[in-house]
Structure formats: C-alpha cells, structure tokens
Amino acid sequence: LSAPERRAVEVRAMVVAAGVLRKRGFADIVDCADSASYDFSATKSGVTWFIEVKGTTNPAGDTVLLTAREVELHRDHPDRSVLIVVADINLDAGPDGPEARGGVATVFEPWGTAGWTLEVTAYRATLQSIPTPGTATPRATDASPAPDAA
C-alpha cells in the first residue's frame, strides 16, 4: 500500500475501534496515537486500559505489525491491554485520495502476547564508535576512488 492508502486504513480502523470500545462499555476514550505507544486510553469499571488498534485490508487479520514499544507495554500490562484488529478494510479511489470503508473488528480483551508468535522483522543498527578518518573499511558499493582534495 502507498503511504496515503496506509493512512486511510489507519484512520478507518481507529473510527471502527472507537465505536467498538463504546459498545463494550469503555468510557473516557482518548486518542493517544500521536503521543504514546498505544492508540487509545479508556476506562472501564474505574480501570484505565491501553488499547492498540491495527487495521488491515487482509480479510483474515491474523497477522499485524507491532513496534517493540507496543509489545513491551502489553507484556507489562496484559490485564489492562486491549488489541483491536480491524480486518477486511476496503479502499476506494476518492476525489481527494484513497477512501477506506468497512472493516470487521476482532477484539482481544484483555490482551497479552501469550498465544501469539512474535517474529523480529526489523533491527536498529547503532554505530558504537566513530572510526578515525581514513580508517573505515569502504563498502563494496563504494569502490570508486575518493575525490582529490583541492
């Protein structure tokens, strides 16, 4: 999916999830997606819950991508975590870009990582020390000679 399509799916999943949360008795639903490692916080029976929302165009919705911080949060608070997977979201071309509609929500409440297979799909590589100029080993693709200093 393109970036605008991914964003349309994400927005649609959040709308569907907010409705599902209300139907399940959650209150004080706050969108935290831009400031926390979860999408919503909400209360139910006086308890604050962390809600992760994943949207997909895949009808099965049985595989989602999670960040390391998302996994850590839900491992730390499995008794107060919810995962909502909104699958089978349809995309259409709209006059202002992709438009998402539909979607079938599956709610895992409470949700922990038990019963799920977690697979590493990305790594962060951090340089431990900066090499002395002129001593770094060139990459195979950097085979051209360095330009002469004028």
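Above this note sits the structure.
What counts and what doesn't
Residues numbered from 1 in each chain as written. Predicted model: local features only at pLDDT ≥ 70, side-chain atom pairs only at ≥ 80, totals over all residues. Heavy atoms only, no water. Core = buried A, V, L, I, M, F, W, Y, C linked by side-chain atoms within 4.5 Å. Buried < 20%, exposed > 50% of the residue type's maximum accessible area, 1.4 Å probe, protein only. Helix = DSSP H or I, 4+ residues; strand = E, 2+ residues; numbered from the N terminus. Pairing = 2+ DSSP bridges. Axes fitted to C-alpha atoms, helices over the stretch in contact; angles between N-to-C directions. Contact = heavy atoms within 4.5 Å.

### Some details on the nonpolar core
Generally speaking, soluble globular proteins have nonpolar side chains that are buried together. Grouped together as the largest cluster of nonpolar side chains are 18 residues, with contacts concentrated most on F40, I51, V53 and I84. Among the elements of the structure, helix 1 (3-23), strand 2 (40-44), strand 3 (47-55) and strand 4 (81-94) are those that each provide at least two residues to this core.

### A closer look at the pairing of strand 3
Successive side chains on a regular strand alternate, one facing one side of the sheet and the next facing the other. Bridge count for strand 2 against strand 3 is five bridges, and the pairing is antiparallel. Counted as the bridge partner of A42 is W49 from strand 3. Linking strand 2 to strand 3, which pair antiparallel, is a turn of two residues; within it S45 sits at a positive phi near 55°. Where strand 3 and strand 4 come together, six bridges link them in parallel fashion. Within the sheet, the bridge partner assigned to V53 lies in strand 4 and is I84.

### Here's the deal with the sheet that holds strand 3
One open sheet accounts for five strands, arranged 1-2-3-4-5; its pairing is mixed. The strands lining the two open edges of the sheet, one partner per strand, are strand 1 (27-31) and strand 5 (97-108). Averaged over all pairs of adjacent strands, the angle between strand axes in this sheet comes to 25°, irrespective of strand direction. When strand 1 meets strand 2, the two strands line up antiparallel, connected through three bridges. Looking at the pairing, V30 lines up with S41 of strand 2. Its contacts with the sheet place helix 1 against strand 1, strand 2, strand 3, strand 4 and strand 5, and it is angled at close to 40° to strand 5. Here helix 2 (residues 68-76) sits on the sheet in contact with strand 3 and strand 4, set at roughly 145° to strand 3.

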